[in-house]
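Fold and contact review
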Amino acid sequence: MLSINDLHSQIDDKKILNGLSLEVNKGEVHAIMGPNGSGKSTLANVLAGRDGYDVTGGSVTYEGQDLLEMSPEERAWAGIFLAFQYPVEIPGVNNIYLLKAGVNAIRKSRGETELDAVEFLALVREKIKLVKMKEDFMSRGVNEGFSGGEKKRNEIFQMAVLEPKLAILDETDSGLDIDALKIVADGVNHLRNEERSIVLVTHYQRLLNYIVPDFVHVLANGRIIKSGGSELALQLEEQGYEQVMREAEAA
Amino acid sequence: MSTHAEDVESLVDKEYEHGFVTDIDSDTIEPGLNEEVISFISKKKNEPAWMLDYRLKAYRQWLKMEEPLWAHVDYEPIDYQSISYYSAPKSKDDMPKSLDEVDPKLLETYEKLGIPLHEQKMLAGVAVDAVFDSVSVATTFKSKLADAGVIFCSFSEAVQEHPELVQKYLGSVVPIADNYFSALNAAVFTDGSFCYIPKGVRCPMELSTYFRINASNTGQFERTLIVADEGSHVSYLEGCTAPMRDENQLHAAVVELIALDDAEIKYSTVQNWYPGDENGKGGIYNFVTKRGDCRGRNSKISWTQVETGSAITWKYPSSLLRGDNSVGEFYSVAVTNNYQQADTGTKMIHIGKNTSSTIISKGISARFAQNAYRGLVKISKGADNARNYTQCDSLLMGDKCGAHTFPYIEAKNSSAQVEHEATTSKIGDDQLFYCRQRGVSEEDAVNMIVNGFCKDVFKELPMEFAVEAQKLLGVTLEGAVG
């Protein structure tokens, strides 16, 4: 489904990704772990098509298409979802109004009929239960005045409504207390199935106690230096990134 | 830079010397302004002597005044002698025969705004024999109003049919000598609207100039007078989201509102006149004086405006809060794109006791446009317990446009509470990317963010108008990002 091959990327003149390669198949959950500044968030943003990240080499293929040629909205239409590390506030824009516009744009791009207000409301009412948010959240401004935890839950709520094929979660666990972390993890687990691929970008292992990945990759200096199963995350927790990085260099 | 009063006078005199005589029978007069021209207009309209006196007084006053240059706008001096001050409605032969002859760009805009075909024809000035359904609509409309005792007609009609009301209220809110443009308007206005709501009547429908049969060709100097008698209520809609065909560059309208005891007037405007092309060529100069007088106790005047058109907008809908407990409100969205310039705001003059006012202003600038908010909150000595809340937000799109805020506060009573909040923000790349990641196209995302920014004002507009205003904003700002 997603094939990243020797990807190089930089912001301004600063090289961030240095030959990153990764294969993600349908239904797999991959965790990307690494120390601060290793390029985790850059990877997430490059995949979603954010401006300001220059791709200087390599390729990304998604369902047989050249992903890097697509605009951010085209990627969304194709089923890619990014849960933002820092969800932005958009004052005055109703939370579900944005979501409805998104859902219908995606449906339209696939030649499906758009949902009317009644159908859409039924859908979001169902999905919002997943993240245990009150219904009045839906009619507030997008992330306007939300706490850190509320913002992250809102991201997972949006993911539940948009039903992406590939979800990239950029440090969704950061800034969450343990209760909120459980809610978010439950939400993600609920959305996990054999059709949907998930890439979890995280700094800490604790999220992976709740969402158990199929694969764990260690990212350092812009490339994946070690890959393994979920047990690799535990090893990282015990030994720290330094140790794993030294071993990888020696190997 | 302005045409100096003496120069005008000498020019006028000179022309007169040369035997400038106007033919009363003609439909259009030669460009130029003098007492003859004013008498001609008055005669054409079959006006009583007091009306002519009023005009002449205004003209003589105007000659002594100078064009104001304090606004944050920049334009070539206007040659007032090059304007023709009277022209009868155009003959059908000069109008486009069908929509095929109309500028396709204009039609495209109508299409985007979702304007029905028959209305498109009217707006584009296509010669149609039966002016669509508006005649029948307007007839039902008129009888319903008559049942309620509401007078709603063209200004010319009011001068003929209700001279006592016109004479009593005309110029009582905006005096002749108020400002340069209002004096000019008082001298040469050709038509406009008149509305009177009798005591205790709640106007059964929203009054809209759009549905008034005589709305066409009110010309560049429009005069509006609305009087809400004790305990009455009226909502008045002015303008239209669709760009109207218009060949006059200078517009100087005057609007006067009078609210007596316990009366309420809600005045909403959507202005979308030609703003000039993307290089700043052409476009309408809009110098408007709008003022409401809360003359009675517990009266309320509320202004809501959405300004997207005109090359230059100079406009400060104001309220005089004279009655005790009276309330003034001003909600404004002003959008400027390309080389448009807007200097707009309001004045809230607190005179009575326990008066309160609210000002919400949203300015949006894109490309090379300049957008200024200018507002005055004045608390007079006797205005005990006056309250004002002002919120003034600016949104910038791109880095070559400008937003300016000029708030003036004069408080002469120590019991006053005056609050002012102002913000300036840019449409963030982060916000745009967030929306696009959710599948919303860039253009729709811009619309969404801008409409969110304007929400506090749109919710004050009558429902139908609000929907149109949102669409209009989208069309106005098309391509402003990216």
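About the criteria used
Residues numbered from 1 in each chain as written. Chains lettered and ligands numbered in written order. Predicted model: local features only at pLDDT ≥ 70, side-chain atom pairs only at ≥ 80, totals over all residues. Heavy atoms only, no water. Helix = DSSP H or I, 4+ residues; strand = E, 2+ residues; numbered from the N terminus. Buried < 20%, exposed > 50% of the residue type's maximum accessible area, 1.4 Å probe, protein only. Contact = heavy atoms within 4.5 Å. Areas by Shrake-Rupley, 256 points an atom, 1.4 Å probe, with all protein chains shown as cover. Lys, Arg positive; Asp, Glu negative; His and termini not counted. Charge placed at Lys NZ, Arg CZ, Asp CG, Glu CD. Buried area = accessible area lost by both parts, 1.4 Å probe. Salt bridge = Lys/Arg side-chain N within 4 Å of Asp/Glu carboxyl O. Polar contact = N/O pair within 3.5 Å; in protein donor to acceptor, adjacent residues only side chain to side chain. Nonpolar A, V, L, I, M, F, W, Y, C, P; charged D, E, K, R; others polar. pLDDT = per-residue confidence, 0-100. Pairing = 2+ DSSP bridges. Axes fitted to C-alpha atoms, helices over the stretch in contact; angles between N-to-C directions. Parallel < 35°, antiparallel > 145°, perpendicular 65-115°, else oblique. Left-handed = near helix turned anticlockwise from the far one by under 90°. Core = buried A, V, L, I, M, F, W, Y, C linked by side-chain atoms within 4.5 Å. Phe/Tyr/Trp six-rings, centres within 6.5 Å; stacked < 30°, edge-to-face > 60°. Disulfide = S-S within 2.5 Å.

This brings us to the overall build of chain A. Of the regular secondary structure elements, chain A holds eight helices and 12 strands. Principal-axis analysis of the C-alpha atoms gives chain A an extent of 60 × 40 × 35 Å. A buried classification covers 53% of the 251 residues belonging to chain A. Sequence-distant contacts, at least 24 apart, represent 67% of the contacts inside chain A between residues at least 6 apart. Looking at chain A as shown, the accessible area adds up to about 11100 Å², and 46% of this sits on carbon and sulfur atoms. Between the averaged position of the 27 positive side-chain charges in chain A and that of its 39 negative side-chain charges there is a distance of 4 Å.

Turning next to the interface of chain B and chain A. If you look at the interface, chain B gives 17 residues, while chain A gives 31 residues. Across the interface of chain B and chain A, roughly 2000 Å² is buried in total on both sides, 64% from carbon and sulfur atoms. By the criterion of area lost to chain A, the three top residues of chain B are Phe433(B), Tyr434(B) and Arg438(B), representing 38% of everything that side buries. Between Glu155(A) and Arg438(B) there is a salt bridge, and its shortest N-O distance comes to 2.6 Å. Applying the counting criterion to the chain B and chain A interface returns 12 residue pairs in polar contact (both at pLDDT 80 or more). Contributions of two or more residues to the side of chain B that touches chain A are made by helix H10 (429-437) and helix H11 (442-453) of chain B. Counting residues per element, the side of chain B that touches chain A draws most heavily on H10(B), which supplies seven residues. Along the lines of polarity and charge, the residues of the side of chain B that touches chain A split into seven nonpolar, five polar and five charged.

Attention now moves to the side chain of Asn413(B). Residues and elements named next belong to chain B. Among the secondary structure elements, Asn413 is positioned in the loop between strand S18 (402-411) and strand S19 (417-426). Within the local environment of Asn413, its side chain forms a polar contact with the side chain of Ser415, the two groups lying 2.7 Å apart. Discounting chain neighbours no more than four positions away, the residues touching Asn413 are Ile379, Ser380, Lys381, Gly382, Ala383 and Asp384.

Another aspect to go through is the confidence of the model for chain A. With 100% of its residues at a pLDDT of at least 70, chain A reaches an overall mean of 92. Mean pLDDT per element in chain A: helix H8 (residues 231-250) of chain A is the minimum at 84, and strand S6 (residues 80-83) of chain A is the maximum at 97.

So, about the pairing of strand S15 (residues 356-366) of chain B. The side chains of a regular strand alternate between both faces of the sheet. Residues and elements named next belong to chain B. For S15, the tally of buried residues reaches nine of 11 residues, placing the bulk of the element in the interior. Bridging between strand S13 (residues 327-336) and S15 involves 10 bridges; their strand directions are parallel. Considered in S15, the bridge of Tyr331 is made with Ile360. Taken together, the 11 bridges between S15 and strand S17 (residues 387-397) define a ladder with parallel strand orientation. Residue pairing for S17: Ala366 is matched across the bridge by Met397.

The tally for this structure, following the rule as stated, stands at 30 salt bridges over all chains. Across the salt bridge formed by Arg50(A) and Asp430(B), the nearest N and O atoms sit 2.9 Å from each other. One end of the pair, Arg50(A), is in the loop between helix H1 (40-48) and strand S4 (53-62); the other, Asp430(B), is in helix H10, on a second chain. Under the relative-accessibility criterion, Asp430(B) is labelled partly exposed at 41%. Here Glu238(B) ties to Lys290(B) by a salt bridge, and the two come within 2.7 Å at their closest N and O atoms. Here Glu238(B), found in strand S5 (residues 233-239), pairs with Lys290(B), found in strand S9 (residues 285-294); they are 52 residues apart in sequence, far enough to count as distant. Per residue, the accessibility class of Glu238(B) equals that of Lys290(B), and both read buried. Taken together, the shared-partner salt bridges in this structure form one network comprising Lys362(B), Asp393(B), Asp456(B) and Lys459(B).

Moving on to the environment of Gly175(A). With respect to the helices and strands, Gly175(A) occurs in the loop between strand S9 (166-170) and helix H6 (178-191). Between the C-alpha atom of Gly175(A) and that of Gly149(A), which follows or precedes it by 26 residues, the distance is 7.0 Å.

Here we come to the packing of helix H4 (residues 117-128) of chain A against helix H5 (residues 148-162) of chain A. Residues and elements named next belong to chain A. Between H4 and H5, the shortest axis-to-axis distance is 9 Å and the interhelical angle comes to 130°. Between H4 and H5, the angle falls in the class oblique. The handedness of the crossing between H4 and H5 comes out as right-handed. For the pair H4 and H5, the contacting residues are Phe120, Leu123, Val124, Lys127 and Ile128 in the first and Phe157, Ala160 and Val161 in the second. Its residues placed into classes, the contact of H4 with H5 shows seven nonpolar, no polar and one charged.

Phi is positive for Glu63(A), which is not a glycine, with a value near 45°. Along the chain, the position of Glu63(A) falls in the loop between S4 and strand S5 (65-66). Even without a glycine there, the phi angle at Arg367(B) is positive, about 55°. With respect to the element layout, Arg367(B) can be found in the loop between S15 and strand S16 (370-379). Owing to a relative accessible area of 28%, Arg367(B) belongs among the partly exposed residues under this scheme.

Turning next to the nonpolar core. Soluble, globular proteins show a tendency: their nonpolar side chains are buried together. If you look at the biggest cluster of nonpolar residues, it comprises 65 residues, and the most contacted ones within it are Ile4(A), Leu20(A), Val333(B), Ile364(B), Val450(B) and Leu473(B). The element contributing the most residues to this core is H11(B), with six residues. Setting aside chain neighbours within four positions, we find Ile364(B) in contact with Val333(B), Ala334(B), Val335(B), Thr336(B), Asn371(B), Leu395(B), Met397(B), Val450(B), Phe453(B), Cys454(B), Leu473(B) and Leu477(B). In terms of nonpolar packing, the next biggest core, distinct from the first, is built from 60 residues, Phe40(B), Trp62(B), Ile151(B) and Ala158(B) among them.

This next bit is on the packing of aromatic side chains. All names here are of chain B. Under the criterion given, the structure shown has 23 aromatic pairs over all chains. Relative to Phe189, the ring of Phe155 lies with its centre 5.2 Å away and its plane at 80°, an arrangement referred to as edge-to-face. Here the residue Phe155 occupies a position in helix H7 (residues 155-161), and Phe189 occupies one in the loop between helix H9 (180-188) and strand S2 (191-197), the gap between them amounting to 34 residues. For the pair shown, Phe155 and Phe189 are each scored as buried. Where Tyr236 meets Tyr267, the ring centres are 5.1 Å apart and the plane angle is 25°; that geometry is what we call stacked. In this pair, Tyr236 sits in strand S5 while Tyr267 sits in strand S8 (residues 264-271), placing the two residues 31 residues apart along the sequence. Each member of the pair Tyr236 and Tyr267 is classed as buried. Counting every residue linked through ring pairs, the aromatic cluster contains Tyr59, Trp62, Trp70, Tyr75, Tyr80, Tyr180, Phe181, Tyr285, Phe287, Trp314 and Tyr316.

Residues and elements named next belong to chain B. Applying the stated rule across the entire model yields zero disulfides over all chains. Unpaired in terms of disulfides, Cys195 finds its nearest cysteine sulfur in Cys203, a separation of 6.2 Å. Here Cys195 falls in the buried class, since its relative accessible area comes to 0%. For Cys294, which is in no disulfide, the shortest distance to another cysteine sulfur is to Cys195 and amounts to 16 Å.

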